[in-house]
Amino acid sequence: MALRIYNTLTRRVEDFVPIEPGHARMYVCGMTIYDLCHMGHARMMMAFDVVYRWLQASGYQVTYVRNITDIEDKIIRRAVERGISIRGLTDEMISAMRQDLGAIGAAPPTHEPRATEYVPQMLSMIGTLEQKGLAYRASNGDVNFAVRKFPGYGKLSGKSIDDLQAGAGLADRDLKSKAQAEGKQDPLDFVLWKAAKPEEPADAKYDGAYGPGRPGWHIECSAMSCAVLGERFDIHGGGMDLQFPHHENEIAQSEGALGHPFVNYWLHNGFLNVDNEKMSKSLGNFFTIRDVLQRYDGETLRFFMLRTHYRSPFNFSDANLDDARSALRRLYTALEAGGSPQDNAAIDWQQPAAAAFKAAMDDDFNTPGAMAVLFELAGEVNRSGSTEAARTLRALAGTLGVLQQVPTTYLRAGSGLSEAAINERIEARNAAKKARDFAAADRIRDELLAAGVMLKDTPQGTTWVKA
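Let me sum up the structure you'll find in this document. (Residues numbered from 1 in each chain as written. Predicted model: local features only at pLDDT ≥ 70, side-chain atom pairs only at ≥ 80, totals over all residues. Heavy atoms only, no water.)

1. Remarks on the packing of helix 4 (residues 119–131) against helix 7 (residues 217–229)
At step 1: The interhelical angle for the contact between helix 4 and helix 7, taken along N-to-C directions, is 105°, at an axis separation of 9 Å. Judged on the interaxial angle alone, helix 7 and helix 4 are roughly perpendicular. Counted together, Gln 121, Met 122, Met 125, Ile 126 and Leu 129 of helix 4 and Ile 219, Glu 220, Ser 222, Ala 223, Met 224, Cys 226 and Ala 227 of helix 7 form the full contact between these two elements.
At step 2: Considered class by class, the residues forming the contact of helix 4 with helix 7 number nine nonpolar, two polar and one charged. (Axes fitted to C-alpha atoms, helices over the stretch in contact; angles between N-to-C directions. Helix = DSSP H or I, 4+ residues; strand = E, 2+ residues; numbered from the N terminus. Parallel < 35°, antiparallel > 145°, perpendicular 65-115°, else oblique. Contact = heavy atoms within 4.5 Å. Nonpolar A, V, L, I, M, F, W, Y, C, P; charged D, E, K, R; others polar.)

In structure tokens:
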């Protein structure tokens, strides 16, 4: 079965056919880098990490571009508040982002362009839009995109311009006066170039044909994606919240400047909720990746996110994380029962379990279906002790970025006692059992369990895992 993906633009599942045979080119909107990554960012990064990994597992050469927005109003405000340069803030936050994403096993993209490195390309695209009559200079010094002059506006969100205007009008009755104050000819127009304000720091200002200023957020992605991937590429991804207006605006300005479609498949991941409510600082249910990693290991967090299809709403809760941790431990326990294979041999995709796994992943990256195959394989390993089934389990899980640790290492991690101390207590228990002092042996077992260590008596001797 060919890989099929849901295209937000056409609202249907389609066969994936890359522009260049064997080569998939993908752009994903990354972080606006003024603070630590939160769980919503983790959700989005994981969704497209899965896409990236499965395209590679399917034999494609993949050029994966995930940008960094390092110039924007929030960034400027935060740098000023902290009394540091914009570059100082963004370098710090980029380093933190890479640490956090590394902890959950997100592979680095092929390219990670920073917006500040592509300002000339942004100015060039703005100039082309102005020449075509799709952009205009406003009285306040900004340059805006004229939405009503682009015939296809609204095709990604599925809304007409009149629908969008009506919706905006309901949200703000003074929309027209506000637009006039911002120098816009129409409330739906959006900024391509922001004129610098006197009070802004010098490192927030760039020189260009339109005077000192900085690019608008939307034009950044259009310029960077085309510069790195070419004027037409295969996949553009991001969170569902970016579908409108960010991606809608990207289409308008990119296709307006280029004169042809620039992306074939648009992919959007579902929203993240916390205990069935939207994550929000005001609700007190806001979590950074680092908050969660203080209580759960990175692989558990990754495994937890894989259990939900990337387009479905994702519900974050401690109960769901605890369940994911238990489920992941069951898989590692099966690997241990199968002899803890460490080699990832080439996958035989004709083998029934591998074929079922592939069928699930080829169905719009259906990770829940693929995970079900992993648990079926684990059951087979537990019944038969088959090293071959354990090797297949590990190899298939590797395409999702999980089950790659040595099982005993994972199962013993975070026990709270040193291995030497645990082994000493096991020897004392063995001595008590040999002396037929079963009460003492049981007491040692219970003491270890209370300390987070669970003993396992086997024909080969006593082993242990983290309880």
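2. Focus: helix 8 (residues 243–258)
At step 1: Of all 16 residues making up helix 8, 14 are buried, and the element is well covered by its neighbours.
At step 2: Taken from the residues just after helix 8, Gly 259 is the one with a positive phi, measuring 85°. (Buried < 20%, exposed > 50% of the residue type's maximum accessible area, 1.4 Å probe, protein only.)

3. Observations concerning the pairing of strand 7 (residues 190–195)
Along any regular strand the residues' side chains alternate between the sheet's two faces.
At step 1: Burial runs high along strand 7: five of the six residues are buried.
At step 2: Both strand 6 (residues 143–145) and strand 7 contribute to a ladder of three bridges, which runs antiparallel. Bridging across to strand 7, Asn 144 finds its partner in Val 191.
At step 3: Bridging between strand 7 and strand 8 (residues 213–215) involves three bridges; their strand directions are antiparallel. (Pairing = 2+ DSSP bridges.)

4. As for the sheet that holds strand 6
At step 1: The strand order across the open sheet formed by four strands is 5-6-7-8, and the pairing between neighbours is antiparallel. The two strands at the open ends of the sheet, each matched to only one other strand, are strand 5 (135–137) and strand 8. On average, each strand axis in the sheet is tilted by 20° relative to the strand beside it, whichever way the strands run.
At step 2: By the bridge criterion, three bridges tie strand 5 to strand 6 in an arrangement that is antiparallel. By the bridge assignment, Tyr 136 is partnered in strand 6 with Asn 144.

5. Considering the state of the cysteines
At step 1: Tallied over the entire structure, the rule returns zero disulfides.
At step 2: Not part of a disulfide, Cys 29 finds its nearest cysteine sulfur in Cys 221, a span of 3.7 Å.
At step 3: Given a relative accessible area of 4%, Cys 29 falls into the buried group.
At step 4: Cys 226 takes part in no disulfide bond, and the closest cysteine sulfur to it belongs to Cys 221, at a distance of 11 Å. (Disulfide = S-S within 2.5 Å.)

6. Thoughts on the pairing of strand 1 (residues 4–7)
At step 1: When strand 1 meets strand 2 (residues 12–15), the two strands line up antiparallel, connected through four bridges. Paired with Asn 7 across the bridge in strand 2 is Arg 12.
At step 2: Where strand 1 hands over to strand 2, the hairpin turn is made up of four residues, of which Arg 11 adopts a positive phi near 60°.

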